[in-house]
Amino acid sequence: MNTNVANEEEQKPGAGPAPRALADEELSRLLQEQQFSVLATVKRSGHPHLSTVLHRWSPEERMVRISTTADRLKVRQLRRDPHAALHVHGPNVWSFAVAEGDAEISEVTTVPGDAVGRELLSLTPGFDDPRDEAAFLEQMVADRRVVIRIRVSRLYGTALDIPGSD
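Residues numbered from 1 in each chain as written. Predicted model: local features only at pLDDT ≥ 70, side-chain atom pairs only at ≥ 80, totals over all residues. Heavy atoms only, no water.

J.: Please set out helix α2 (residues 24-33) residue by residue, giving values where relevant.
T.: L27, S28, L30 and L31 are the residues of α2 that are buried. For α2, the arc enclosing every buried residue in end-on projection is 155°, short of the 170-degree limit, so these residues lie on one face. Projecting away from the buried face of α2 at angles above 90 degrees are the exposed residues E25 and E33. Where α2 is buried, its residues touch β4 (56-58), β6 (83-89), β7 (96-105) and β8 (145-156). (Buried < 20%, exposed > 50% of the residue type's maximum accessible area, 1.4 Å probe, protein only. Helix = DSSP H or I, 4+ residues; strand = E, 2+ residues; numbered from the N terminus. Arc of directions from axis to C-beta. Contact = heavy atoms within 4.5 Å.)

Set out below in structure tokens:
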């Protein structure tokens, strides 16, 4: 057999490995390790609206939390239609996770240290100085912050295992 023919066949488009579905633990790990994600909400037209966000994943609750301000378009869209999806890149361009579910919007934090303010505080790494924490909680009130909570009903994603792509 001619080895040049075999090499040419290996290099044909579409001849590489197929993507593999990620296991639930791998998907959860991606959501936990990555901070930045893309939130998809539904516009009135039915088209998706995409927004880059910082998220926090709670695997025990199967919930994604996102801090935002009450006047954002994504908040208005989720109040009208709670369907949401969150897309997270994996460690390379060949892997991803998607968390789908219905979103709920918290009340606006109105008093520094109220329940919503404490939930917002839990989304941060925390503060060593109590004055910094108090300033954060005051700023959340001034910003009219809310928490978007997505109760994840479906988690999926794939990885394409290509040697040397890490």
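J.: Kindly report on the side chain of T109, identifying the contributing residues and their values.
T.: Counting through the fold element by element, T109 comes out in the loop between β7 and α4 (115-122). Setting aside chain neighbours within four positions, we find T109 in contact with D114, V116, G117, L120, M140, V141 and R145.

J.: Please provide a residue-by-residue account of the environment of D71, values included.
T.: The residue D71 is located in the loop between β5 (63-69) and α3 (73-80) in this model. For the pair D71 and D143, spaced 72 residues apart in sequence, the C-alpha separation works out to 9.7 Å. Among the polar contacts made by the side chain of D71, one reaches the side chain of T69 at a distance of 2.8 Å. (Polar contact = N/O pair within 3.5 Å; in protein donor to acceptor, adjacent residues only side chain to side chain.)

J.: Break down helix α5 (residues 130-143) for me, citing the residues and quoting the values.
T.: Relative to the 20 Å expected for 14 residues at 1.5 Å per residue, α5 spans 20 Å between its end C-alpha atoms, a close match to the ideal helical length. For α5, the complete set of buried residues consists of F136, L137 and M140. Taken down its axis, α5 places every buried residue within 95° of arc, on the same side. In α5, the exposed residues that point more than 90 degrees away from the buried face are R131 and A142. The inward-facing, buried residues of α5 contact α4 and β8. (Expected span 1.5 Å × (residues − 1).)

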